[in-house]
Amino acid sequence: MAPRPPARRTLLAALVAASVAVPVSAVARPSAVPAPEPSALPPLRSVAPAALDGRYAAVRDDIRAAGRAAGAHGDHRRAAALEAMAAPGRHFLSFDGRDGGRSAEVVGDLSRADRIAVLVPGSDTGPEKYGRLRAGATALRERLGARSAVVAWLGYRTPATASAEVLTPGRANAAAGELRRFVAELRRAAPGARTSVLCHSYGSVVCGRAAAGLDVADLVLYGSPGTGARDVAALRTRAVVWAGRATGDWIAEVPHTRLELPFTTVGFGTDPVSPAFGARVFAAGDGGHGDYLRPGSVPLESIARIVTGHGRA
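Residues numbered from 1 in each chain as written. Predicted model: local features only at pLDDT ≥ 70, side-chain atom pairs only at ≥ 80, totals over all residues. Heavy atoms only, no water.

Considering the overall build of the protein chain
Thinking step 1. Across its full length, the protein chain carries 8 helices and 10 strands.
Thinking step 2. Of all intrachain contacts in the protein chain linking residues separated by at least 6 positions in sequence, the fraction that spans at least 24 positions is 68%.
Thinking step 3. With an accessible surface of roughly 14,100 Å², the protein chain has 55% of that area assigned to carbon and sulfur atoms. (Helix = DSSP H or I, 4+ residues; strand = E, 2+ residues; numbered from the N terminus. Contact = heavy atoms within 4.5 Å. Areas by Shrake-Rupley, 256 points an atom, 1.4 Å probe, with all protein chains shown as cover.)

Structure, rendered in C-alpha cells:
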C-alpha cells in the first residue's frame, strides 16, 4: 500500500485523538456551575489609585457572590477557589463566574506601571486550576520589578487538553474579540505604559486571531502549537512577534499542518519557532510545557527582557 500523504496522516491522527478525547473530556471537565450575573462595570478609563480601588472592591463582591452560589450548588472546590480569589490584597479588573468563569487579575501596582504584560493562558485553565496562571504572573512581575504590572487574563472558556476542541480554533475565534477589547481598554487607561501580550499554548491561537487588532509593543508566543497563520506577515500586526519553545516541551510533537474541513479547521499551521514563520526566536531552555514562567528559568528571563524592551533575537 502506498504511504498516505502527510496531511491525510495528520487528519487521521486528529480524528483518532478526538474520538478518544471526547468521552474522556465529558467526565473530566466539570459542568458549568451556576453563578450570578456580575455587576455592570463602566469601561476602565483611568488607572488612578482611587479608580482602581473602587473597581477592585466591586469585582471582589462579584467573586464572593459567585463563591456563595457555588457553595449552595454543592461545588465546594469551586467555592474554595473563589474564596481564595476574593482574599484581601487580590486585585481583579473583571470577573464573571458563569460558563466556566472569566477573570482579569492584576499582579503589581497598575497605577504606577510603565511596563504591562498581559498573560493569555492555554487549555485547562479555570477557577479550579487558576493557581498556575497566577503563579506565572507573580514570577514574571517579581522579575520585572516595582514599576510593572502583569495581568492574568482568563477572558475565555479554555478548551480541555483532552478534547477535540483543542485541535480547532473555535474557542480562539470566540475569545479574540474579547482580548482585543480588553487590551484596547487597558491601553486607553494607561497610554504611557509599554504593553506586551504573552500567549501560552492554545492561548497563542487566541492571540493569532486577535493580533491584527492589538495595539501592543510585543506579541510573545511560547509553547505554541501554531497560530492559525502561515507566517508573521499574515498576523497583520505592528507588534514585534517573538516565539520560543523549550527542548523538553511535548508541544513540539504536534503536527504543524492546517486542514480546512467542511465544518471546521483542524490544526494551526506553521511552527512559530521555524524560519518559515519569521518570528524572533528567544532562548527557552530545556524545561517542559508548563515551565516557561518558572522562577529562575531561562524562558522567564527571556520573556522579562522582551517585556522591558531589551529582548534579543
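What about unusual backbone geometry?
Thinking step 1. Positive phi outside glycine occurs at Asp99, with the angle close to 50 degrees.
Thinking step 2. Tracing the chain through its elements places Asp99 in the loop between β1 (91-96) and β2 (102-108).
Thinking step 3. For Asp99, a relative accessible area of 38% corresponds to the partly exposed category.
Thinking step 4. One non-glycine residue, Asp124, lies in positive phi territory at about 60 degrees. (Buried < 20%, exposed > 50% of the residue type's maximum accessible area, 1.4 Å probe, protein only.)

Re the packing of helix α5 (residues 170-189) against helix α6 (residues 203-210)
Thinking step 1. Closest axis-to-axis distance for the α5/α6 pair is 8 Å, and the angle between their directions is 65 degrees. Two packed elements cross with a definite hand, and for α5 against α6 that hand is right-handed. In contact with Ala172, Asn173, Ala175, Ala176, Leu179 and Arg180 of α5, α6 contributes Val205, Val206, Cys207, Arg209 and Ala210.
Thinking step 2. In terms of residue class, the contact of α5 with α6 is built from 8 nonpolar, 1 polar and 2 charged. (Axes fitted to C-alpha atoms, helices over the stretch in contact; angles between N-to-C directions. Left-handed = near helix turned anticlockwise from the far one by under 90°. Nonpolar A, V, L, I, M, F, W, Y, C, P; charged D, E, K, R; others polar.)

Focus on the layout of surface pockets
Thinking step 1. Put simply, the largest pocket is a space of about 570 Å³.
Thinking step 2. Looking at the largest pocket, it is lined by 23 residues, and the ones nearest its centre are Arg55, Ser94, Phe95, Glu178 and Phe182.
Thinking step 3. When contributions to the lining of the largest pocket are tallied by element, the ones reaching two or more residues are α2 (49-73), β1, β2, β4 (148-154) and α5.
Thinking step 4. For the lining of the largest pocket, the leading source of residues is α5, giving 5 residues. (1 Å grid on protein atoms, 1.4 Å probe; cavity = no way out; pocket = protein on both sides within 12 Å on 5 of 7 lines; lining within 4 Å. Points joined across faces, edges and corners; volume = space filled by probe spheres on them.)

Quick notes on the environment of Val307
Thinking step 1. Tracing the backbone shows Val307 in helix α8 (residues 298-307).
Thinking step 2. The class for Val307 is buried, based on a relative accessible area of 0%.
Thinking step 3. The spacing of Val307 and Ser148 is 159 residues in sequence and 9.5 Å in space, taken between C-alpha atoms.
Thinking step 4. Among all residues touching Val307, those that are not within four sequence positions of it are Arg115, Ala117, Leu144, Arg194, Ser196 and Leu198.

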